[in-house]
Amino acid sequence: MLQQEDPIQTLHLFPILDQLLIDLLKSLNAEEWHLPTIAKLWTVKDIASHLLDGNLRTLSFSRDNYYGETPTNINSYQDLVSYLNLLNSSWTNATKRLSPNVLIELLEITGKQFMEHLKTLNPEETAIFPVSWAGQDQSKNWFHIAREYTEKFIHQQQIREAVGKQALFTKELFYPFIETLMQGLPYTYRNEIVDTGTAITVKILSDMGGNWTIKKTETNWILTKSNDIQANSTVSINPETAWKLFSKGITPMQAYDKVTISGNQKLGEKALHMISVMA
């Protein structure tokens, strides 16, 4: 279902993103650490803790081949999501006893180790875990790495949204992020019954965004960035809405008044249901 013309390059952005995170966390006062966020039950401190968990878990299972407890009864995508949610909540609950300074220090240390490990992965080899939200049973490492980039981007942006300190909305950081999320578009339309040749374009507005089009073939949907395809439906979304919508920060209903759909409305509305995170 997925046809990405070239690997999405994100590896070089991790040190930039990590340094922005550390600088942000060091700038927070005691009250800001405990502000609520768009991530529902999580505070700013909880999200920082979750980012640390991501570093540690990746180093453990991907670098050290250590998985700890083995999950049981994972028979569906929803089973996997539920298991991951349980892991996430148990970690954030346990780390409530850690101070912000300890979290920052551990994030600095593990962030560098995390980056060094990613450098050892061959981009074209099979990743340790597939990108399930894109409908893949196997993924290449470049996509796995890009997926990790989106996780770090989303969670840092959740913190920035809560404390009112923006920095990530630049072409350099945002475009690879949104391009990765768009890889979930073919999977979103997998059950839509349409004529061969039907095309849907999603436009992320501003100079940070771009155009992505999926086209129906006889067997599946193909994703392309070509501007030469006449779309049956075009969905235009601003970056501020897009990152929240596709990470399940807001619902399609909440986003509806903030998007423009031209052409086939029903086909375009389906794009608002794309979720490019494990949720």
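Calculation rules
- Residues numbered from 1 in each chain as written.
- Predicted model: local features only at pLDDT ≥ 70, side-chain atom pairs only at ≥ 80, totals over all residues.
- Heavy atoms only, no water.
- Pairing = 2+ DSSP bridges.
- Helix = DSSP H or I, 4+ residues; strand = E, 2+ residues; numbered from the N terminus.
- Axes fitted to C-alpha atoms, helices over the stretch in contact; angles between N-to-C directions.
- Left-handed = near helix turned anticlockwise from the far one by under 90°.
- Contact = heavy atoms within 4.5 Å.
- Nonpolar A, V, L, I, M, F, W, Y, C, P; charged D, E, K, R; others polar.
- Expected span 1.5 Å × (residues − 1).
- Salt bridge = Lys/Arg side-chain N within 4 Å of Asp/Glu carboxyl O.

**Student:** So, the sheet that holds strand β2 (residues 210-216): which residues are in play, and what are the values?
**Tutor:** Spatial ordering of the open sheet is given by β3-β2-β1-β4-β5, a layout of 5 strands whose pairing is mixed. Edge strands, defined here as strands with exactly one partner in the open sheet, are β3 (221-224) and β5 (259-263). With direction set aside, neighbouring strand axes in the sheet form an average angle of 15 degrees. Pairing of strand β1 (residues 199-204) with β2, which is carried by 6 bridges, proceeds in the antiparallel orientation. Each bridged residue has a counterpart across the sheet, and for I200 the counterpart in β2 is I214.

**Student:** Let's hear about the packing of helix α2 (residues 44-63) against helix α3 (residues 77-94): which residues, and what values?
**Tutor:** Packing of α2 against α3 leaves a shortest axis separation of 9 Å and a crossing angle of 115 degrees. Considering only the axes of α2 and α3, their crossing is right-handed. Residues D46, S49, H50, L52, D53, L56 and R57 of α2 form the contact with α3, whose own contacting residues are L84, L87, N88, W91 and T92. Its residues placed into classes, the contact of α2 with α3 shows 5 nonpolar, 4 polar and 3 charged.

**Student:** Give a detailed account of helix α1 (residues 14-27), specifying residues and quantitative values.
**Tutor:** Taking 1.5 Å of rise per residue, 14 residues should cover 20 Å, and α1 covers 20 Å from first to last C-alpha, within 8% of that figure. Structurally, α1 contributes buried residues whose contacts are with α2, α4 (100-119) and α5 (141-163).

**Student:** Account for the pattern of salt bridges, naming residues and giving values.
**Tutor:** If you walk through the whole model with that rule in mind, you get 12 salt bridges. Residue E108 pairs with K26 through a salt bridge whose shortest N-O separation is 3.6 Å. Taken as a pair, E108 in helix α4 and K26 in helix α1 lie far apart in primary sequence, 82 residues in all. For the salt bridge of E124 with K140, the shortest nitrogen-to-oxygen distance reads 2.7 Å.

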